[in-house]
Amino acid sequence: GVDDAAVQVLCAALATNTMIGSIEMQRNLITSHGAIELAKVLLKNRCLISLGLGQNRIEDEGTCALASAVEVNKHLEMLDLSETWTGDRGLIAMGVALANNSSLGIVRFCNNHVSDDGGTAFAALLNKNKTLQHCVLRGNSIYHSTVLRINKLLARNRTTKSEETPNKLRREVIKLHYQLYKLEEAKSQLLEQKEDRNRVEKSMEESEAAFAKAEAEHKVAQQDLLTRLQAAKSQTANYQQMLVTLTDDHKIAEQKHQVELAKAREAYDKEVELRKAAEAEKAELDAKVAEQDGMKAVRIDDLKKKI
């Protein structure tokens, strides 16, 4: 059967396992040491809801360790500690734990070594518990009156539980209605967001179309500007070439003009000299003519005298 060593291996696996919800290890060789190891696991485990350790020699030490874990654990719902050699100390420790526990619903404590004193103390502690609905204590030395007292407390818890169920259902219905309202509200918001998204997408499409059109127009204008710029550059080059040609022609014409001007000046100077020479020659001829005229007049006078 399963002994403490096997329980230790199981506890190591339970430390990381989140799937196992029930463990039944009745009629084995588990002692208080194995129970203490299981108690350590219950302090942190959130998946285990049922633990059966009946017919193992756990004794008070192991039951007290399990009770300490039950006081902290909020998920265990059923615990079987029947025929585990547990006495008053173990049951009272479990009562202390149940006073602060809100998840455990079934506890089996059959055929143990519990006296009426232990049962009475357990009943007093159980008065604070509101969730335990079944606690099997047959096979112990507990008086019938004490068992009736415990059963009365358990019946109270069952009644409270049965009354809480409709209230819980009503709360769940209200919660569902509220969630439905929030869902409808979220749906409406989602539709609005979808419409906003469609509007944004449409606006983006229009913007993209306008941008594409503007970009095409820009490309056309850019191409036109480039063509005009190229034509202007070509025309400028032609003008520059014409300017160079005109400059060269101007220089050549100016040189010709200077040469012609020099020739004209030279001709003018010659003309002036010729004119001066002609005028001097004329003056000399005039003087000679005057002299001849004078001499002619003298001869005429001489002839007249001779005549």
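In case you missed it, the structure is sitting above this.
What comes next concerns the included structure. (Residues numbered from 1 in each chain as written. Predicted model: local features only at pLDDT ≥ 70, side-chain atom pairs only at ≥ 80, totals over all residues. Heavy atoms only, no water.)

## Re the overall build of the chain
A count of helices and strands for the chain gives six helices and five strands. When its helices and strands are written in sequence order, the chain yields α-β-α-β-α-β-α-β-α-β-α. Over its C-alpha trace the chain gives a radius of gyration of 68 Å, far above what one expects of a compact globule, namely 19 Å for 307 residues. Principal axes of the C-alpha set define a box for the chain whose edges measure 225 × 45 × 30 Å. A burial count over the chain gives 25% of its 307 residues as buried. Counting only contacts in the chain whose residues sit at least 6 apart along the sequence, the fraction spanning at least 24 positions is 87%. Total accessible area on the chain is roughly 21,400 Å²; 57% of this is exposed by carbon and sulfur atoms. For the chain, the distance from the average site of its 44 positive side-chain charges to the average site of its 45 negative ones is 5 Å. (Helix = DSSP H or I, 4+ residues; strand = E, 2+ residues; numbered from the N terminus. Rg over C-alpha atoms; globule rule 2.2 N^0.38 Å. Buried < 20%, exposed > 50% of the residue type's maximum accessible area, 1.4 Å probe, protein only. Contact = heavy atoms within 4.5 Å. Areas by Shrake-Rupley, 256 points an atom, 1.4 Å probe, with all protein chains shown as cover. Lys, Arg positive; Asp, Glu negative; His and termini not counted. Charge placed at Lys NZ, Arg CZ, Asp CG, Glu CD.)

## Things to note about unusual backbone geometry
Even without a glycine there, the phi angle at Arg27 is positive, about 55 degrees. Its location among the elements puts Arg27 in the loop between β1 (22-24) and α2 (32-42). Given a relative accessible area of 64%, Arg27 falls into the exposed group. Of note in this structure, Gln55 is not a glycine but carries a positive phi near 60 degrees. Examined against the element boundaries, Gln55 turns out to sit in the loop between β2 (50-52) and α3 (59-72). Here Gln55 falls in the partly exposed class, since its relative accessible area comes to 28%.

## So, the packing of aromatic side chains
Summed over the entire model, instances satisfying the criterion amount to zero aromatic pairs. Sitting above the plane of the Trp85 ring, Arg57 keeps its charged end 3.6 Å from the centroid. (Phe/Tyr/Trp six-rings, centres within 6.5 Å; stacked < 30°, edge-to-face > 60°. Lys NZ or Arg CZ within 6 Å of the ring centre and 35° of its normal.)

## Thoughts on helix α4 (residues 88-99)
Taking 1.5 Å per residue, 12 residues should reach 16 Å; α4 reaches 16 Å between its end C-alpha atoms and fits that length. Gly90, Leu91, Ala93, Met94, Gly95, Ala97 and Leu98 are the residues of α4 that are buried. Summarising the contacts, the buried residues of α4 are in contact with α3, β3 (78-80) and α5 (116-126). (Expected span 1.5 Å × (residues − 1).)

## Quick notes on the environment of Glu172
With respect to the element layout, Glu172 can be found in helix α6 (residues 144-306). Between the alpha carbons of Glu172 and Asn127 there is a distance of 29 Å; along the sequence they are 45 residues apart.

## What about the side chain of Ser32?
Relative to the helices and strands, Ser32 is located in helix α2. Overall, the relative accessible area of 7% leaves Ser32 in the buried class. The contact partners of Ser32, leaving out residues within four places of it in the chain, are Arg57, Ile58, Glu61 and Gly62.

## Some thoughts on the layout of surface pockets
Rolled over the atoms, a probe with the dimensions of a water molecule shows which regions are left empty. A volume near 150 Å³ is recorded for the largest pocket. What lines the largest pocket is Cys11, Leu14, Ala15, Thr16, Asn17, Thr18, Lys40, Val41, Lys44, Asn45, Arg46 and Cys47. Residue assignment for the lining of the largest pocket shows that the elements contributing at least two residues are α1 (4-14) and α2. Each residue belonging to the lining of the largest pocket can be placed in one class, and the counts come to five nonpolar, four polar and three charged. (1 Å grid on protein atoms, 1.4 Å probe; cavity = no way out; pocket = protein on both sides within 12 Å on 5 of 7 lines; lining within 4 Å. Points joined across faces, edges and corners; volume = space filled by probe spheres on them. Nonpolar A, V, L, I, M, F, W, Y, C, P; charged D, E, K, R; others polar.)

## Some words on the packing of α1 against α2
Running from amino to carboxyl end, α1 crosses α2 at an angle of 5 degrees, the nearest separation of the two axes being 9 Å. The pairing of α1 with α2 is recorded here as roughly parallel in orientation. For the pair α1 and α2, contact is made by Asp4, Val7, Cys11 and Leu14 and by His33, Gly34, Glu37, Leu38 and Val41, respectively. Taken together, the residues of the contact of α1 with α2 break down into five nonpolar, two polar and two charged. (Axes fitted to C-alpha atoms, helices over the stretch in contact; angles between N-to-C directions. Parallel < 35°, antiparallel > 145°, perpendicular 65-115°, else oblique.)

## Section: the sheet that holds β2
What links the strands of a sheet is backbone hydrogen bonding, and the strands pair in either a parallel or an antiparallel sense. With parallel pairing, the five strands of this open sheet are ordered in space as β1-β2-β3-β4-β5. Strand pairing shows two members of the sheet lacking a second neighbour, β1 and β5 (134-136), which therefore form its edges. With direction set aside, neighbouring strand axes in the sheet form an average angle of 5 degrees. Where β3 and strand β4 (residues 106-108) come together, three bridges link them in parallel fashion. Across the sheet, the residue bridging to Asp80 is Arg108, located in β4. (Pairing = 2+ DSSP bridges.)

In short, the description is geometric, and any link to function would need to be established separately.
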